[in-house]
Number of protein chains: 2
Amino acid sequence: MDDAIEARLIGLDWGTSSLRAYLLGESGRKISERSAPSGVMFLDRFILPGKPQSNRNYLFEAVLQEICQPWFVENPNLPAIACGMVGSTVGWKEAPYLQTPACIADLASALITVLRQDGKPVRIIPGISHTGIPGKTLPEILRGEETQIAGILSTMNESRQGKTGKLLIGLPGTHSKWAYIQDACLVSFSTFVTGDLFALLTSYSVVARTNKKTAHCDDAAFQLGLQLGRQQDQEAAGGLLSTIFSTRTKRVLGSLREEEQPDYLSGLLIGSELAGLEHILERDSLALPDFSRIILTGEKNLCERYLLAARALSWPPMEYVEGAVEMGLWSIAREAALVS
Amino acid sequence: MDDAIEARLIGLDWGTSSLRAYLLGESGRKISERSAPSGVMFLDRFILPGKPQSNRNYLFEAVLQEICQPWFVENPNLPAIACGMVGSTVGWKEAPYLQTPACIADLASALITVLRQDGKPVRIIPGISHTGIPGKTLPEILRGEETQIAGILSTMNESRQGKTGKLLIGLPGTHSKWAYIQDACLVSFSTFVTGDLFALLTSYSVVARTNKKTAHCDDAAFQLGLQLGRQQDQEAAGGLLSTIFSTRTKRVLGSLREEEQPDYLSGLLIGSELAGLEHILERDSLALPDFSRIILTGEKNLCERYLLAARALSWPPMEYVEGAVEMGLWSIAREAALVS
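Conventions used here
Residues numbered from 1 in each chain as written. Chains lettered and ligands numbered in written order. Predicted model: local features only at pLDDT ≥ 70, side-chain atom pairs only at ≥ 80, totals over all residues. Heavy atoms only, no water. Contact = heavy atoms within 4.5 Å. Buried area = accessible area lost by both parts, 1.4 Å probe. Salt bridge = Lys/Arg side-chain N within 4 Å of Asp/Glu carboxyl O. Polar contact = N/O pair within 3.5 Å; in protein donor to acceptor, adjacent residues only side chain to side chain. Helix = DSSP H or I, 4+ residues; strand = E, 2+ residues; numbered from the N terminus. Nonpolar A, V, L, I, M, F, W, Y, C, P; charged D, E, K, R; others polar. Buried < 20%, exposed > 50% of the residue type's maximum accessible area, 1.4 Å probe, protein only. Pairing = 2+ DSSP bridges. Phe/Tyr/Trp six-rings, centres within 6.5 Å; stacked < 30°, edge-to-face > 60°. Lys NZ or Arg CZ within 6 Å of the ring centre and 35° of its normal. Least-squares fit on C-alpha atoms with pLDDT ≥ 70 in both.

(A) Layout of the interface of chain A and chain B. Of the residues lining the interface, 52 residues belong to chain A; the matching set on chain B comes to 52 residues. Here chain A meets chain B over a buried area of about 4200 Å², counting both sides, of which 73% is carbon and sulfur. In this assembly, chain A and chain B are joined by 0 salt bridges. Counting across the interface, chain A meets chain B through 10 residue pairs in polar contact (both at pLDDT 80 or more). Looking at the side of chain A that touches chain B, the elements with two or more residues in it are β9 (140–142), β12 (185–192), α5 (194–204), α7 (240–243), α8 (246–252) and α9 (261–283) of chain A. Of the residues forming the side of chain A that touches chain B, the biggest block, 7 residues, is contributed by α9(A). A breakdown of the residues in the side of chain A that touches chain B according to their chemical character gives 26 nonpolar, 16 polar and 10 charged.

As structure tokens, this is what we get:
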């Protein structure tokens, strides 16, 4: 964060549950950052008497003003660009999915525009869909991750010449994505509901619900879950619906302590995700060593679990990249000539 | 239901979320049935000023009086027997798990006793645990299902001579159980968190949450999910964490309507459960045709989905049995000489 450099762009990462706003300077350097729990599904608190709920424009504008007003006041002509669920059917305005293969230039030329009350535009980056082959591969969608991917690609010199070769980018989260990049283009990707199931099971199910959540990761419990999660036979013959229940059984029968349950389940689900990814690659006649780089981005503590898991599964080294979304917002805005 | 026959036993199916009480006559014939949403995790409403929450006895007694008082008044000496979470560590009193192999006689001789305020006993049936072989098979637990299994076995003439051969009993639910019976004894079983995940995903996750729940099962959507759920490769190569997300993708991309999502997900999860069960049998050098009968018991609409799924997967015919828990409560009480 640096107040001395000149602001050039407002970048918005506007998801389901939260909004994160970045004030970016030259080359996308982060000057300031603000956030609010005002994701597109949590705008109700802005509904005022006389302002009907159906006025989506008003709601999104209200949130934007709350978060970015100081920046607007300082520099009313600053361009603004947004990614995430703000461009979905439940967002400010739908930015229809682009289809794979998609590069930064494709995203930049498909921006849609909404207007603030003062008439200034906010650009919204579309998500990307991948049409599956019925019976062979599943269809896939993402929205928000395209910007993180663009951010990672924008840091690579090879990317500017479209010569990245094969890259694998992992984006752990509620719905983890693994993106396959060929020469700076997203060619396909796979989704795993790992974080979603983890949150549901530890919050609402007798299987793993606990008040004894610990901040640090219990390595032994995590590894125990991981080994079971990556397996396909023997103990894991019944599949994930069966292995998940072992989180409860082992606790009840005394081989797992209550506070170890979340880390055991986390390992189990991440192990299942990584094994699933390996099978998808195999199906597509690929393997981990085919990728020149494997890059991970996202929430740091979560990514550390994936790094731990990848080491335990003897994967090739993975790199961890921070700040991918800010870099992506900048690089797409630059490609769209919103900033020079 | 028949008020003319003499009451012989009060049977209680006391689970996590509800209590179902049966007044049973000669041979376990059901005279009357009452229920309340007073499962062992939902007793707070009975906490009165001056009656501390820690007094578990008081809480369970209060529920029992609320439901069964007319029966107690009519016949104060009627024996009472209970199964389910009432015997867990969060229940009235813990009835420690019996280990497999376990028969009706083992359950009957392991009943524990709690006393009502008037000094009359209530017997509690223990659950059953199965010690896994580390690295080979998972440990398993059940509580409540042992009574349903006993109920099914009690209806078989072969059972009395301990000559049932191999039976497979399916108990769909929040945590579906598949029980392997050899000569009227439960030798092992497998659990699948099918119902739990279905409820979590349709209630709380963007993947399948909908207000458009329909009462009837959309067969096409169910079958579509089922075919994907039973698969291991191609579209399903990524495993369940990946296939679950298709519930959302297909909706967003327009190949599945919102009201079809729950049935698609239901098919997907049940398909995964049944495929998992087949793999467990295979691991244990068993196959479906090895069982002389495959019997299903539980909530009727849910069991109908399993029957539908089994036909689609070309399983041997499955029988559906109703009233297993009442029959089980009676048969264990009879074996324990609580009724003659």
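Don't stop here, the text continues.
(B) Spatial organisation of the pattern of salt bridges. Summed over the entire model, instances satisfying the criterion amount to 22 salt bridges over all chains. With a shortest N-O distance of 2.8 Å, A:Asp284 and A:Arg283 are connected by a salt bridge. A salt bridge links B:Glu326 to B:Lys30; its shortest N-O distance comes to 3.3 Å. Of this pair, B:Glu326 sits in helix α10 (residues 324–335) while B:Lys30 sits in strand β3 (residues 30–36); the two residues are 296 residues apart in sequence, bridging distant segments of the chain. Judged by relative accessible area, which is 28%, B:Lys30 ranks as partly exposed.

(C) Quick look at the pairing of strand β3 (residues 30–36) of chain A. All names here are of chain A. Across 6 bridges, strand β2 (residues 19–25) lies against β3 in antiparallel orientation. Residue pairing across strands places Ala-21 opposite Arg-34, the latter belonging to β3. Following β2, the chain reverses through 4 residues before pairing antiparallel with β3; Ser-27 in that reversal takes a positive phi of roughly 60°.

(D) Fine view of the packing of aromatic side chains. Residue and element names in this part refer to chain A. Counted under the stated rule, the structure contains 11 aromatic pairs over all chains. Members of the aromatic cluster, joined through ring pairs, are Trp-14, Phe-60 and Trp-92. One Lys or Arg, Arg-116, reaches over the ring of Phe-72 and ends 3.6 Å from the middle of that ring. Its end group placed over the ring of Tyr-97, Arg-143 keeps NZ or CZ at 4.4 Å from the ring centre.

(E) Focus on unusual backbone geometry. In the segment running from A:Thr100 into A:Pro101, the intervening peptide bond is cis, with an omega of -5°. Mapped onto the elements of the fold, A:Pro101 is located in the loop between β5 (98–99) and α2 (104–108). Phi is positive for A:Ala337, close to 60°, though the residue is something other than glycine. On the secondary structure map, A:Ala337 appears in the segment after α11 (324–335). The exposure class assigned to A:Ala337 is exposed, which follows from its relative accessible area of 62%. Although it is not a glycine, B:Ala184 sits at a positive phi angle of roughly 65°. Topologically, B:Ala184 is positioned in the loop between β11 (176–182) and β12 (185–192).

(F) Examining the relation of the copies chain A and chain B more closely. Rotating chain A by 180° and translating it 0.0 Å along the rotation axis places it on chain B, where the RMSD comes to 0.0 Å. With respect to symmetry, the two chain copies, as superposed, fit the operation of a two-fold axis. A share of 100% of interface residues in chain A that are also interface residues in chain B marks the association as one of identical surfaces.

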